[in-house]
Structures are given as C-alpha cells and as structure tokens.
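# Observations on the three-dimensional arrangement
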Amino acid sequence: MSTTCDLCGTVEDDPQRLLAWTVSFERGRRQDLCVTCARRHLRALEGKLDSEHW
Ligand SMILES: [Zn+2]
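What comes next concerns the included structure. No experiment lies behind these values; they were computed from the predicted model shown.

This brings us to the overall build of the chain. The secondary structure content of the chain amounts to two helices and four strands. The order of helices and strands in the chain, counted from the N terminus, is β-β-α-β-β-α. Carbon and sulfur atoms make up 51% of the accessible area of the chain, which totals about 4400 Å².

The next subject is the coordination of the zinc ion. Protein-derived ligands of the zinc ion are Cys5 (SG), Cys8 (SG), Cys34 (SG) and Cys37 (SG), with the metal-ligand distances lying across 2.2 to 2.3 Å. Taken together, the four donor atoms coordinating the zinc ion and their angles of 105 to 116 degrees define a geometry best described as tetrahedral. Positions of the donor residues of the zinc ion along the chain correspond to the pattern C-x2-C-x25-C-x2-C. One end of the pair, Cys8, is in the loop between strand 1 (3-4) and strand 2 (11-12); the other, Cys37, is in helix 2 (residues 35-50), and 29 residues separate them in sequence.

Moving on, we get to the pairing of strand 4 (residues 29-33). Relative to strand 4, strand 3 (residues 22-26) is paired through five bridges, and the arrangement is antiparallel. Across the sheet, the residue bridging to Thr22 is Leu33, located in strand 4. The antiparallel hairpin formed by strand 3 and strand 4 contains two residues in its connecting segment, where Arg27 sits at a positive phi of about 50 degrees.

Rules of the game
Residues numbered from 1 in each chain as written. Predicted model: local features only at pLDDT ≥ 70, side-chain atom pairs only at ≥ 80, totals over all residues. Heavy atoms only, no water. Helix = DSSP H or I, 4+ residues; strand = E, 2+ residues; numbered from the N terminus. Areas by Shrake-Rupley, 256 points an atom, 1.4 Å probe, with all protein chains shown as cover. Donors = N, O, S within 2.8 Å, 3.2 Å for Na, K, Ca; no water. Tetrahedral: all angles 85-135°; square planar, octahedral: opposite > 155°, others 65-115°. Pairing = 2+ DSSP bridges.

And the structure:
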C-alpha cells in the first residue's frame with residue numbers, strides 16, 4: 001500500500017518512511033503530507049496564527 005503526498009504528489013510505499021509523514025485535516029478533508037511538505041505546512045500554519053492571510 002502506498003501513500004501519495006497531497007501537496008507535491010510524491011508517492012511513498014515504505015512503511016518505515018511513512019512513519020515520518022504527517023496526516024492533517026483541512027476543512028474535514030484528510031491530507032497526507034510528506035516530510036518536506038509537512039515542514040512547509042507547519043510553517044504556513046504558524047504563519048496563519050500571526051495573519052489570517054492564507
Ligand atoms: Zn509533499
């Protein structure tokens with residue numbers, strides 16, 4: 001079973017590496033994020049605390 005990153009489309013099928021992936025829920029929709037995108041996403045979330053601009 002493989003998982004696709006919802007942001008960049010990277011496909012990972014190694015369960016060990018998938019442990020590092022992040023699952024995020026945006027407006028009730030599940031998003032699987034690879035390590036790179038999870039980091040970027042977290043930074044965006046932190047930025048959203050300061051500004052509502054998305
Ligand atoms: Zn990604």
